[in-house]
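Architecture and fold: a report
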Amino acid sequence: MCAVCGCSDGATATITDLRHDGHDHVHADGTRHSHDHDHGHGHDHHHDHDHGHGHGTGTLVALETKVLAKNDALAAQNRAWLAGREILALNLVSSPGAGKTSLLERTIRDLGGALDLLVIEGDQATSNDAQRIRAAGAPVVQVNTGTGCHLEAEMIARGLAVLKPAAGAVVLIENVGNLVCPALFDLGERAKVAILSVTEGEDKPLKYPHMFKAATIMLLNKIDLLPHLDFDVARAIANALQVNPDIIVFRVSARTGEGLDAWYGWLRREALRAPEDAFAAICSGPAGVTKQMEETVS
Amino acid sequence: MHELSITRNIVAIVAEAAKGRPVDRVTLEVGRLSGVMSTAIAFCFDVVAKGTALEAAQLQIKEIDGRARCHDCGDEFDTPDLYTSCPCGSHRFTRLRGEELKIKTMELREVA
Ligand SMILES: [Zn+2]
C-alpha cells in the first residue's frame, strides 16, 4: 500500500470462498507489494521540468500502449470465458450506502428460484456483505481489495475460478462502493448497473459522469423514502440522460419491492440473451484482439 | 484513488519493454476526460518507479482536451467535461479526443 495515496493494487486482494457453510478458505497469493522506504518524494515530481541530462543521446522507443491494456486483455478473456458458458455477468456499482447489498439480497430471494444466481462480492475489508448474500441463498465469493478502491479483471478471473458458475448462470458482481475508480476497469461484464439512491444528490450523475456514462442501466433506489425528502426524481433522471442518453432508468425500492418487477424483467431478458454473446464471440474472435487491431490501425 | 494502480501499470509496461535497460524518460498522453488525474500519476510515479528501470526516469505528461463530433449536425465541438452537449443541443456524439490514457514513448539510456 502506498501511504501517500492510500490505495493499493490488485496484488493484495484476497479471495474468500463463501459457498459453503463453516470455515472459510482464504487464498492470498502472497505477492504483497511493500515499500518500506519513507515516502519522502515530496514535491519534486518528474514532470514538466527538464534536467538536461542526456537528451538526444538515448534511444527513443515508440510504445503507443494503452495503460490499461493488461486489464482490458484480462477482461476480454473473462468475457470470452463467460460467453462460452452462456453466463450473464453484471457489474453493480454505486456510492457506499446506496443499497447495493439490500438490492442483491432481495433479487436473490425473489429470483433465486427462476435463475441460477451467483455473486462476486467486492469489498475493501470484511465479508459482512458476503455473509448477507449467502444468507439470502446465493453462492458467493468474497474479494477483499485491501485498500484498493475497485475490482480489476484479474480479481474476477480468480473469483470465477473459485465460484465455478454453471453454464447459463447469472453472476452479479458487487463492486467496491465508489463511483469514481470502478468506471475505468472493465471486468468482462455484459453491463454496468449503477445504483443511485434518493438519499443522495440529484447531481450525482453530473459529479461522477464516467460511471453513469459507462452504465447501461440506473436503478434509482429507496423511492419509498421520497415523501420524506426533497429529492427531485425528474431532475436526477434528466442529469443521468445528459451524461448518457441511452441509459435505462428503473425506480425501485429494495425495501418495499416497489418497481422491482421492471428490474427483474430486464435481468431475465438479459439472461436469455447470454447465448448471443457466445455466438458473437465465435464470430468476431476475442474482443481484446479486435480492439488491439483497431488501436494499431488508427 | 485509482491513479496508483494506473501508475503501476505504466511502470510495469515500460519496464517490461525496456528489458532491463535504464529508462531516462517516459511520455504519456492523458485525456482531460479520461477520469485520471495527471498530477496524481506524477505524485505516485516516484514511489512506484523506485527500484525499477524507471527509477531515474522523467515523466512527461501531455494532457489532451476533449473534442467530439455531433451525430445530428455533423459539427465538431470542444467538450471540457463528459456532459457538454453540441452547440446544436444534441447529446449524441462521438468522442474524438480527450479520453486517452496512453504511454507514447520511452527514452532508453545509451549504455556505453
Ligand atoms: Zn450538433
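Residues numbered from 1 in each chain as written. Chains lettered and ligands numbered in written order. Predicted model: local features only at pLDDT ≥ 70, side-chain atom pairs only at ≥ 80, totals over all residues. Heavy atoms only, no water.

- An unreviewed UniProt entry annotates chain B as Hydrogenase maturation factor HypA originating from Oleomonas cavernae.
- Among the UniProt annotations of chain B, the heading Function (unreviewed entry) holds the following wording: "Involved in the maturation of [NiFe] hydrogenases. Required for nickel insertion into the metal center of the hydrogenase."
- Quoted verbatim from the Sequence similarities (unreviewed entry) field of UniProt, the annotation for chain B is "Belongs to the HypA/HybF family." (UniProt positions renumbered as here; feature names shortened; annotations may be inferred.)

- Within an unreviewed UniProt entry, the label attached to chain A reads Hydrogenase maturation factor HypB, and the organism entered is Oleomonas cavernae.

1. Focus on the packing of helix α2 (residues 100-111) of chain A against helix α8 (residues 260-272) of chain A
Residues and elements named next belong to chain A.
- Running from N to C, α2 and α8 point in directions that differ by 70°, and their axes come no closer than 12 Å. As summarised for this structure, α2 and α8 are arranged roughly perpendicular, according to the angle between their axes. Between α2 and α8, the residues in contact are L103, R106, T107, D110 and L111 and L260, W263, Y264, L267 and R268, respectively.
- Here the residues of the contact of α2 with α8 are counted per class, giving 6 nonpolar, 1 polar and 3 charged. (Axes fitted to C-alpha atoms, helices over the stretch in contact; angles between N-to-C directions. Helix = DSSP H or I, 4+ residues; strand = E, 2+ residues; numbered from the N terminus. Parallel < 35°, antiparallel > 145°, perpendicular 65-115°, else oblique. Contact = heavy atoms within 4.5 Å. Nonpolar A, V, L, I, M, F, W, Y, C, P; charged D, E, K, R; others polar.)

2. Focus on the coordination of the zinc ion
All names here are of chain B.
- Taken together, C70 (SG), C73 (SG), C86 (SG) and C88 (SG) make up the full set of protein donors to the zinc ion, lying 2.2 to 2.4 Å away.
- For the zinc ion, the 4 donor atoms in the first shell make angles of 102 to 116° at the metal, a pattern classed as tetrahedral.
- The sequence pattern describing where the donors of the zinc ion fall on their chain is C-x2-C-x12-C-x1-C. Of this pair, C73 sits in the loop between β3 (67-70) and β4 (76-78) while C88 sits in the loop between β4 and β5 (93-97), placing them 15 residues apart in sequence.
- When its relative accessible area of 36% is taken as the criterion, C73 is described as partly exposed. (Donors = N, O, S within 2.8 Å, 3.2 Å for Na, K, Ca; no water. Tetrahedral: all angles 85-135°; square planar, octahedral: opposite > 155°, others 65-115°. Buried < 20%, exposed > 50% of the residue type's maximum accessible area, 1.4 Å probe, protein only.)

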